[in-house]
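# Tertiary structure, described
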Amino acid sequence: MQTIERFDNVGVLQSNSVAGNASTLLLNSNNGRQAVRVHNFDTSRYLYVALLMAGATAPSTITGATAIEEIPPQTSVAIAAGPGVRIYGQFSSGGASTALVNAQELA
């Protein structure tokens, strides 16, 4: 059973072109958020997500083995990630083609 969290406010929405051969910072704002909603618009590839503390070295790539979350195609997921956490994404394909990913703060 999946639990649904209650959020009283939404913050910054950021859209990114994400590839399968390098990680991309999905959200570079932190306005007191409790979580981030990430939506994978791709129709066939999973989105690998990695979480790092602010100030940590960004990952050059993310794999299924290093991802904290794998978001299926055309799916949204809320990830508990406060203001001190940076969220990175990369598609599962390993190739250079890109697709849209949205990330939005939830508070």
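The structure displayed is predicted, hence computed values, not measured ones. Sequence order as written defines residue numbering, which begins from 1 separately in each chain. Side-chain atom pairs in this predicted model are given and counted only at pLDDT of 80 or more, local residue features only at pLDDT of at least 70, and totals for whole chains, interfaces and linings cover all residues. To obtain the side-chain values, all non-hydrogen atoms of the structure were used and water was disregarded.

### Here's the deal with the overall build of the protein chain
Segments assigned H or I by DSSP are reported as helices when at least four residues long, segments assigned E as strands when at least two residues long, and all are numbered from the N terminus. Helix and strand counts for the protein chain come out as zero helices and eight strands. Each radius of gyration reported is based on C-alpha atoms, and the globular scaling rule is 2.2 Å times the count of residues to the power 0.38. Taken over C-alpha atoms, the radius of gyration comes to 13 Å for the protein chain, in line with the 13 Å a tight globule of 107 residues would show. Relative accessibility thresholds used throughout: buried, under 20% of the residue-type maximum; exposed, over 50%; partly exposed, between the two (1.4 Å probe, protein chains only). Here the protein chain, with 107 residues, has 41% of them falling under the buried criterion. For the protein chain, contacts bridging at least 24 residues in sequence account for 83% of all contacts bridging at least 6. Carbon and sulfur atoms form 51% of the exposed surface of the protein chain, whose accessible area is close to 5,700 Å². Residues count as neighbours in contact if any of their non-hydrogen atoms are within 4.5 Å of one another. Throughout, the Shrake-Rupley method with a 1.4 Å probe supplies accessible areas, and for residues the shown protein chains are the sole cover considered.

### Comments concerning the side chain of N16
Mapped onto the secondary structure, N16 falls in strand β1 (residues 10-19). Within the structure, N16 has its side chain in polar contact with the side chain of Q14 (distance 3.5 Å). Side-chain atoms alone can form a polar contact between residues adjacent in sequence; in general such a contact is a pair of N or O atoms within 3.5 Å, and within protein one must be able to donate a hydrogen while the other accepts it. In terms of polar contacts, N16 uses its side chain to reach the backbone carbonyl oxygen of L26, at 2.9 Å. Setting aside chain neighbours within four positions, we find N16 in contact with T24, L25, L26, A99, L100 and V101.

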